[in-house]
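Observations on the three-dimensional arrangement
Take a look at the letters that make up each chain.
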Amino acid sequence: MKLYFAPNTRAVRSAWLMFELGLDFELARFDKLGDPAMRAPEFLAISPNGRVPVLEDGEVRIFESAAIAEYLVARHGGGRLVPAASSPVFPDYLQWLHYGEGMIMGPMNNYVVETILLKPERRSEEHATRALRLMTRTVQAVDTHMEGRAYLAGAFTAADTITGHACLMCERFGVDYSDMPHLKAYVDRLKERPALQKALAL
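Since the model is a prediction, treat every value here as computed from it, not as a measurement. (Residues numbered from 1 in each chain as written. Predicted model: local features only at pLDDT ≥ 70, side-chain atom pairs only at ≥ 80, totals over all residues. Heavy atoms only, no water.)

**Overview of helix α3 (residues 65-76)**
Inclusion rule: Working definition: helices are DSSP H or I runs of at least four residues, strands are E runs of at least two. Numbering for both runs from the N terminus. Expected span, for any helix, means 1.5 Å times one less than how many residues it has. Relative accessibility thresholds used throughout: buried, under 20% of the residue-type maximum; exposed, over 50%; partly exposed, between the two (1.4 Å probe, protein chains only). Two residues form a contact once any of their heavy atoms are found within 4.5 Å. Here a polar contact is recorded for every N or O atom pair within 3.5 Å, except that within protein the pair must consist of a potential hydrogen donor and a potential acceptor, and residues adjacent in sequence are included only if both atoms are side-chain atoms.
A rise of 1.5 Å per residue sets the reference length of α3, with its 12 residues, at 16 Å; its end C-alpha atoms lie 16 Å apart and thus fit the reference within 8%. Regarding α3, the residues found buried are S65, A66, I68, A69, Y71, L72 and V73. Buried residues along α3 sit in contact with α1 (11-20), β3 (54-57), β4 (60-62), α4 (90-117) and α6 (158-172). The backbone nitrogen of A66 lies 2.8 Å from a side-chain oxygen of the residue at the head of α3, namely E64. Residue G78 follows α3 closely and has a positive phi angle near 60°.

So, in structure tokens, the structure goes:
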């Protein structure tokens, strides 16, 4: 397997899950988000949007992080890191597997554009503030859910590598977790996982 990767991107999620599963893979590493090499025709033929992650597994190619997670646990997980469909926690697993992309990453993308990607003269403090406020609102739902839980679906699952990673990024971008103790404890718990530490060090 081959993973196209850049630090501080959604590709960290894929590497994290692959390390959790103990999978061997080749890393094709870009220096950063927006690396000019991502706009090269050769990479655009692999990833139409010029983004990472991209997973190649034989003839299979997937370029969406949550889909990569579902694929990895289905094809290479051997029943690990995903509850059985008959499990009472399976609906929670599905919800939180998709919550990170469906709810958190939209305002986070807007925040990154307004604070990092745009040239300073084109940035909008008003838009950035609104995006940060929306990010805060979306992770408050995670804080509520995490009361009395160690992980999103009870035991650690692939869902934690998606929504958990989004929560880690929200903290990095300045969302205040001081009034969200369950979320803060959850994020701190994730940071202690060796597989995440390994992915962050790539």
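Back to the write-up after that little detour.
**Topic: the packing of α1 against α6**
Let me state the cut-off plainly: Note on geometry: axes are lines fitted to C-alpha atoms, helical ones only across the stretch in contact, with angles between N-to-C directions running from 0 to 180 degrees. If an angle is under 35 degrees, it is roughly parallel; if it is over 145, roughly antiparallel; if it lies from 65 to 115, roughly perpendicular; otherwise it is oblique. Crossings are sorted by hand: turned counterclockwise from the far helix by less than a right angle, the near helix makes the crossing left-handed, and turned clockwise it makes it right-handed. Gly is placed with the polar residues, together with every amino acid not listed as nonpolar (Ala, Val, Leu, Ile, Met, Phe, Trp, Tyr, Cys and Pro) or charged (Asp, Glu, Lys and Arg).
Interaxial distance between α1 and α6 falls to 9 Å at its minimum, and their mutual angle equals 140°. Comparing the axis directions of α1 and α6 gives the class oblique. α1 and α6 meet at a crossing whose hand is right-handed. Contacts between α1 and α6 involve V12, R13, W16 and L17 from the former and A158, D160, T161, I162, H165, A166 and L168 from the latter. Residue composition of the contact of α1 with α6, grouped by class: 7 nonpolar, 2 polar and 2 charged.

**Re the pairing of strand β1 (residues 2-5)**
Defined as follows: DSSP calls a pair of strands paired once it identifies at least 2 bridges connecting them. Place the viewer so that the strands point away; then a crossover is right-handed whenever the path from the first strand over the helix to the second strand goes clockwise.
In terms of strand pairing, β1 meets strand β2 (residues 26-29) through 4 bridges, oriented parallel. Counterpart to F5 in the pairing with β2 is R29. At this point the chain moves from β1, through α1, to the parallel β2, and the crossover so formed is right-handed. Pairing of β1 with β3 involves 3 bridges; the strand directions are antiparallel. Along β3, the bridge assignment pairs L3 with L55.

**Brief notes about the side chain of T9**
Inspection of the secondary structure puts T9 in the loop between β1 and α1. Here T9 is in contact with L33, V52 and H165, once residues within four sequence places are set aside.

**What to know about the nonpolar core**
One recurring pattern in soluble globular proteins: nonpolar side chains tend to sit buried together. Rules: We define a nonpolar core as any set of buried Ala, Val, Leu, Ile, Met, Phe, Trp, Tyr and Cys residues linked to one another through side-chain atoms lying within 4.5 Å.
Of all hydrophobic cores here, the largest spans 67 residues; its most connected members are L72, I104, M108, V139, V142, Y177 and L183. With 9 residues, the top contributor of residues to this core is α4. With sequence-adjacent residues up to four places away left out, M108 is seen in contact with M135, A166, M169, C170 and F173.

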